[in-house]
Amino acid sequence: MKITRRSAMKMTATAVAAPVVLRAHDALAQSGTVKVLVWQEYITPDIAEKFEADTGIALEITTFGSNDEAQSIVRASNGGDFDVVFPTIDTAVNYLDENGESYFAPVPADVNVDAIYPTFLRDSVALGASHNGKQILLPHDWGTEGITLNRAALPISDADLSYGDLFLQEAAKGAAAFRQKSVIVGAGLYLDATGEVPSNRMLDVYKSEEDAHRVWKAVTEWILSNKENFGAFWNNATEATAAFKDAGCVIGQTWDTTGLLLNRENPDYVYRAPKEGIITWMDTMGMLRNAPNPEQAVAFMNFMLQPEVGGMFANNTGYNSAVIGAADYASEEFKRQFNEVYTDEVLGNMWWWQASTPFFDPIRNEYVEIITNA
């Protein structure tokens with residue numbers, strides 16, 4: 001099983017094992033069952049228990065640790081073993097059958113879409129949440145990838161912080177941490193902003209194979225020209241944290257939760273948005289077209305769209321709910337960190353992962369391999 005960004009949350013042993021099936025008590029099964037395929041820590045015991053108590057529906061949860069894993073599970077069953085799935089939005093194009101039809105159904109009319117921030121709902125369409133003109137996925141939560149740094153070692157101000165600092169700061173020699181497949185986006189945003197490698201703010205890598213090779217090649221060469229700053233590569237949240245705690249890194253391009261959890265232990269560590277724009281992802285939820293329990297699926301989706309549940313989710317995971325009013329139920333610590341990182345300026349300068357193109361991953365992987373083997 002491949003563990004991804006979500007695997008470092010504080011969860012029970014039951015929640016972290018994958019695949020996991022949590023079965024409801026028989027006494028709660030009077031209103032049927034809903035089968036959910038979801039990221040490992042998203043439906044923690046407190047949320048599962050509240051759903052069953054509120055609805056009387058039995059909840060069966062199967063967890064996954066990567067988008068590739070989720071896609072394989074759905075394809076293996078031809079989209080018929082589960083009711084609701086939680087894919088990352090830019091992977092929606094990978095949920096098509098041999099006829100080009102999505103495994104997801106149009107969002108049922110009874111789902112409370114008005115509970116979602118309108119801007120997220122609007123932007124989700126362009127990012128991959130629609131198929132044949134119909135909304136098939138709903139925004140559920142979002143998070144970012146920016147810069148975690150030790151301010152005691154690198155006193156860079158918020159206004160001056162850049163993806164370029166990973167490679168250009170003297171104090172970062174042998175002490176910069178990053179995930180190879182996303183650092184080339186961050187470095188590319190820096191090189192586009194400086195005019196060294198024009199890329200239309202890295203959107204050219206989605207434009208054509210020729211443009212993708214042009215941009216990835218130039219960015220990779222620049223990264224390798226500064227490889228003396230390489231401190232640690234990471235592929236999951238545990239490794240990202242270890243890069244700072246064990247490998248002595250003082251700066252890194254990381255997921256939000258890495259920096260925020262380190263900050264809770266040591267205020268010298270901060271997580272901030274680089275001035276070129278913070279990299280942002282969105283996870284969604286959708287009902288499969290062959291869902292065995294469609295009525296229960298609607299009830300589950302509406303439950304997850306309640307502000308109180310959105311607040312519980314944020315407190316449990318550290319990720320940001322797309323539900324209006326969820327922040328009112330978040331902890332004071334969560335609110336403090338959110339307000340420190342996500343200023344109006346930051347929220348207005350996000351860089352969203354785009355809907356994947358057939359050539360995007362294969363070409364990017366070529367250059368990721370070059371960086372890895374350097």
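Residues numbered from 1 in each chain as written. Predicted model: local features only at pLDDT ≥ 70, side-chain atom pairs only at ≥ 80, totals over all residues. Heavy atoms only, no water.

Asker: Any chance you could explain the overall build of the protein here in plain terms?
Answerer: Across its full length, the protein carries 14 helices and 13 strands. A globule of 374 residues ought to have a C-alpha radius of gyration of about 21 Å, and the protein, at 21 Å, matches this closely. In terms of overall dimensions, the protein has a C-alpha envelope of 65 × 45 × 35 Å along the principal axes. Counting only residues that meet the buried cut, the protein has 56% of its 374 residues in that class. Put simply, of all contacts in the protein between residues at least 6 apart along the chain, 76% involve residues at least 24 apart. For the protein, the exposed area adds up to about 15,100 Å²; of that, 50% sits on carbon and sulfur atoms. Positive and negative charge centroids in the protein, built from 27 and 50 side chains respectively, lie 3 Å apart. (Helix = DSSP H or I, 4+ residues; strand = E, 2+ residues; numbered from the N terminus. Rg over C-alpha atoms; globule rule 2.2 N^0.38 Å. Buried < 20%, exposed > 50% of the residue type's maximum accessible area, 1.4 Å probe, protein only. Contact = heavy atoms within 4.5 Å. Areas by Shrake-Rupley, 256 points an atom, 1.4 Å probe, with all protein chains shown as cover. Lys, Arg positive; Asp, Glu negative; His and termini not counted. Charge placed at Lys NZ, Arg CZ, Asp CG, Glu CD.)

Asker: Would you mind showing me how to read the pattern of salt bridges here?
Answerer: Two side chains of opposite charge can pair, provided their charged atoms sit close to one another. In total, this model carries 17 salt bridges according to the counting rule given. For Arg179, the salt bridge is made with Glu145, and the minimal N-O distance between the two is 3.3 Å. Residue Arg179 is found in the loop between strand S7 (176-178) and helix H6 (180-194), and its partner Glu145 is found in strand S6 (residues 138-150); the two are separated by 34 residues along the sequence. Taken as a pair, Arg179 and Glu145 share a single burial class, namely buried. Salt-bridge contacts for Arg151 lead to Asp158; the nearest nitrogen and oxygen are separated by 2.4 Å. Exposure remark for Asp158: the relative accessible area of 36% places this residue in the partly exposed category. A single salt-bridge network, built from bridges that share partners, covers Arg151, Asp158, Arg272, Arg336 and Glu340. (Salt bridge = Lys/Arg side-chain N within 4 Å of Asp/Glu carboxyl O.)

Asker: Help me understand the packing of aromatic side chains, please; the structure alone is not making it clear to me.
Answerer: The relative placement of two aromatic rings is captured by the distance of their centres and the angle of their planes. Scanning the model with the defined rule gives 27 aromatic pairs in all. A connected cluster of aromatic rings, assembled from ring pairs, spans Tyr42, Phe51, Phe86, Trp281, Phe300, Phe303, Phe313 and Tyr319. (Phe/Tyr/Trp six-rings, centres within 6.5 Å; stacked < 30°, edge-to-face > 60°.)

Asker: How should I be thinking about the side chain of Asp83 in this particular structure?
Answerer: Structurally, Asp83 is set in the loop between helix H3 (67-76) and strand S3 (84-85). One buried charge, Asp83, has no salt-bridge partner; the nearest side chain with opposite charge is Lys35, at 6.7 Å. Looking at Asp83, its side chain comes within polar contact range of the main-chain nitrogen of Asn293, at 2.6 Å. Beyond its immediate stretch of four places on either side in the chain, Asp83 contacts Thr33, Val34, Lys35, Gly286, Met287, Leu288, Ala291, Pro292, Asn293, Pro294 and Ala297. (Polar contact = N/O pair within 3.5 Å; in protein donor to acceptor, adjacent residues only side chain to side chain.)

Asker: Help me understand the nonpolar core, please; the structure alone is not making it clear to me.
Answerer: If you look at soluble globular proteins, the nonpolar side chains tend to sit buried side by side. Counting residues in each nonpolar core, the largest one holds 108 residues, and the members touching the most others are Ile43, Trp216, Ile223 and Phe300. Among the elements that take part in this core, H6 stands out by supplying seven residues, more than any other. Each residue touching Ile43, except ones within four places of it in the same chain, is listed here: Val38, Ala48, Leu59, Ile61, Phe300 and Met304. Core analysis: the second largest hydrophobic core is formed by eleven residues, Ala240, Trp255, Leu262 and Tyr269 among them. (Core = buried A, V, L, I, M, F, W, Y, C linked by side-chain atoms within 4.5 Å.)

Asker: Please explain the packing of helix H2 (residues 45-55) against helix H10 (residues 294-304) as it appears in this structure.
Answerer: The angle between the axes and the distance between the axes are what describe a pair of packed helices. Interhelical geometry of H2 versus H10 gives an angle of 125 degrees and a closest axis separation of 11 Å. By the angle between their directions, the pair H2 and H10 is classed as oblique. The element H2 and its partner H10 pack so that their crossing is right-handed. Residues Ile47, Lys50, Phe51 and Asp54 of H2 pack against Ala299, Phe300, Phe303 and Met304 of H10. Grouping the amino acids of the contact of H2 with H10 by side-chain chemistry returns six nonpolar, no polar and two charged. (Axes fitted to C-alpha atoms, helices over the stretch in contact; angles between N-to-C directions. Parallel < 35°, antiparallel > 145°, perpendicular 65-115°, else oblique. Left-handed = near helix turned anticlockwise from the far one by under 90°. Nonpolar A, V, L, I, M, F, W, Y, C, P; charged D, E, K, R; others polar.)

Asker: Sorry, what's going on with the confidence of the model for the protein here?
Answerer: Detailed reading of the predicted model is not advised wherever pLDDT is low. Looking at the protein, pLDDT values average 90 and 92% of them are 70 or higher. Below a pLDDT of 50 lies the segment residues 1-30, which in the model reaches 80 contacts outside its immediate sequence neighbourhood of four places, other chains included. (pLDDT = per-residue confidence, 0-100.)

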